[in-house]
Amino acid sequence: MRYAAVSYIPAIHKGYIDFFKRYPGVLYVLDQELVREVPRMERDIRALAPAEVKALLEGLKIFKAVRVLGKKVLPQIQNEALPIVMPDEDVNRHFAETYLSGKKIEFVSVFLRWDKQISAKEFEVPPDRVISEEERDREMMGLAFKEAEKSPDWWRQIGAVIAKDGKPLVVGFNKPVPSKDYTFGPFGDPRSNFDAGMGFEISRALHAEAGAIARAARQGIALEGASLYVTTFPCPVCAKSVAEAGIKRVYYSKGYSLLDAEDVLRAHGVEIILVKSA
């Protein structure tokens, strides 16, 4: 099937290259006037000028044609008979909602994620580990994984749910601080430059568990006797907060490269349970 590709392209990376090769017809690159309608994205320090992007992509010889799309050319794309495909990100969503209402559009992810094995210990299960295959625990862990998908940290996405009496109380996912618009940058969180398990204290991220515990405190929710469901076993720093909050059970799906956190939890009488997926 033929498509017309339309996109804001601040910098060319593997995610975009894979997208280009999948839709090699005609590409329209949004010009700066249209990009500036979403100001926080226009300030991307990596961003190339649309004409520079056009010249680079023409050199790759993937597309039949590459055109810069400004407001004067808008009627051309608005009257385009072909279905439109766009990378799924904020500027493109804004452009589609503002100028392409009623047109058939497919949004495609060009998000890159680190797929290297972080630590072999993440796949080790201690022989004395309590394992749960209960449907309720799987459902709670499923909620935690849905939260993890919201994380902008493509290197490591973690989700957490704190529950009591079988009901979720608060949720969280790892995210950059001081705000959701403060990104990790093209090289990820600074701690990613260290070996597995090292440098976790210099992370720019608020961890999922810490965020959920802080949210509970803000909302006046007591966590004494509660259960924590987290997609990856807590780091040592978060384990201290979990123990002091009065949480009595930690359910996890994947391990962690340091054992210090387990020592902290066990010393505070916190039960540790591995949730096995179906």
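The notes below deal with the structure included here. Bear in mind the structure is a predicted one, so any value in this text is a computation, not a measurement.

Calculation criteria
Residues numbered from 1 in each chain as written. Predicted model: local features only at pLDDT ≥ 70, side-chain atom pairs only at ≥ 80, totals over all residues. Heavy atoms only, no water. Helix = DSSP H or I, 4+ residues; strand = E, 2+ residues; numbered from the N terminus. Areas by Shrake-Rupley, 256 points an atom, 1.4 Å probe, with all protein chains shown as cover. Phe/Tyr/Trp six-rings, centres within 6.5 Å; stacked < 30°, edge-to-face > 60°. Buried < 20%, exposed > 50% of the residue type's maximum accessible area, 1.4 Å probe, protein only. Pairing = 2+ DSSP bridges. Axes fitted to C-alpha atoms, helices over the stretch in contact; angles between N-to-C directions. Contact = heavy atoms within 4.5 Å. Salt bridge = Lys/Arg side-chain N within 4 Å of Asp/Glu carboxyl O. Polar contact = N/O pair within 3.5 Å; in protein donor to acceptor, adjacent residues only side chain to side chain. Expected span 1.5 Å × (residues − 1). Arc of directions from axis to C-beta.

As a further point, take the overall build of the protein chain. When you go through the protein chain residue by residue, the secondary structure sums to 10 helices and 13 strands. Surface summary for the protein chain: the accessible area is close to 15,100 Å², and the carbon and sulfur share equals 53%.

This paragraph deals with the packing of aromatic side chains. Counted under the stated rule, the structure contains 8 aromatic pairs. Seen from their ring centres, Phe19 and Phe20 are 6.0 Å apart, and the 65° between their planes marks the pair as edge-to-face. Phe20 matches Phe19 in its accessibility class, with the two residues each being buried. With a centroid separation of 5.4 Å and 40° between ring planes, the pair formed by Phe95 and Tyr99 is classed as tilted.

On the basis of which strands lie adjacent, the open sheet formed by 6 strands has the order E6-E13-E12-E11-E7-E8 and mixed pairing. Edge strands, defined here as strands with exactly one partner in the open sheet, are strand E6 (130-132) and strand E8 (167-173). Ignoring strand direction, the axes of neighbouring strands in this sheet form an average angle of 25°. Across 3 bridges, the pairing between E6 and strand E13 (residues 271-275) is parallel.

Turning next to the sheet that holds strand E2 (residues 26-30). The strand order across the open sheet formed by 5 strands is E3-E2-E1-E4-E5, and the pairing between neighbours is parallel. Here the strands that pair on one side only, and so sit at the sheet edges, are strand E3 (65-69) and strand E5 (105-108). Each adjacent strand pair in this sheet contributes to an overall mean axis angle of 25°, direction not counted. Relative to E5, strand E4 (residues 84-87) runs parallel, the two sharing 4 bridges. Bridge pairing in E5 places Met86 opposite Phe107. Those strands touched by helix H4 (residues 50-60) are E2 and E3, and its axis lies near 175° from that of E3.

On to unusual backbone geometry. Even without a glycine there, the phi angle at Lys61 is positive, about 55°. On the basis of relative accessibility, which here comes to 74%, the residue Lys61 falls in the exposed class. The phi dihedral of Asp165 is positive, around 55°, even though this residue is not glycine. With respect to the helices, strands and loops of the structure, Asp165 is situated in the loop between strand E7 (159-164) and E8. Residue classification places Asp165 among the exposed residues on the basis of a relative accessible area of 75%.

Another aspect to go through is helix H8 (residues 208-218). When we look at burial in H8, the residues that qualify are Ala208, Glu209, Gly211, Ala212, Ile213 and Ala216. Looking at the buried positions of H8, the neighbouring elements they touch are E7, E8, strand E10 (205-206), strand E11 (227-232) and helix H9 (236-244). A positive backbone phi angle near 70° is found at Gly220, which sits one or two residues after H8.

Any two side chains of opposite charge can pair, on the condition that their charged atoms come close. Tallied over the entire structure, the rule returns 9 salt bridges. Between Lys14 and Asp18 there is a salt bridge whose closest N-O contact spans 2.9 Å. Here Lys14 and its partner Asp18 are both found in helix H1 (residues 14-22), 4 residues apart, which amounts to about one turn of the helix. On the basis of relative accessibility, which here comes to 55%, the residue Lys14 falls in the exposed class.

As for its placement among the helices and strands, Asn92 is situated in helix H6 (residues 90-99). Polar side-chain contacts of Asn92 include one of 2.9 Å to the backbone oxygen of Pro87. Those residues in contact with Asn92 that sit more than four places away from it in its chain are Val6, Ser7, Tyr8, Leu30, Met86, Pro87 and Phe107.

The topology assignment puts Val85 in strand E4. With 62 residues separating them in the primary sequence, Val85 and Tyr23 have C-alpha atoms 8.1 Å apart. With residues near it in sequence (within four places) discarded, Val85 still touches Tyr3, Ala4, Ala5, Val6, Phe19, Tyr23, Glu106 and Val108.

Turning to helix H7 (residues 135-148), a few remarks are in order. With 14 residues, H7 ought to run about 20 Å at 1.5 Å a step, and its terminal C-alpha atoms sit 20 Å apart, in line with that. Those residues of H7 that sit buried are Asp137, Met140, Met141, Ala144, Glu147 and Ala148. The arc that holds the buried residues of H7, viewed along the axis, is 105°, so those residues lie on one side. Exposed residues on H7 whose side chains face more than 90 degrees from its buried face are Glu139 and Lys146.

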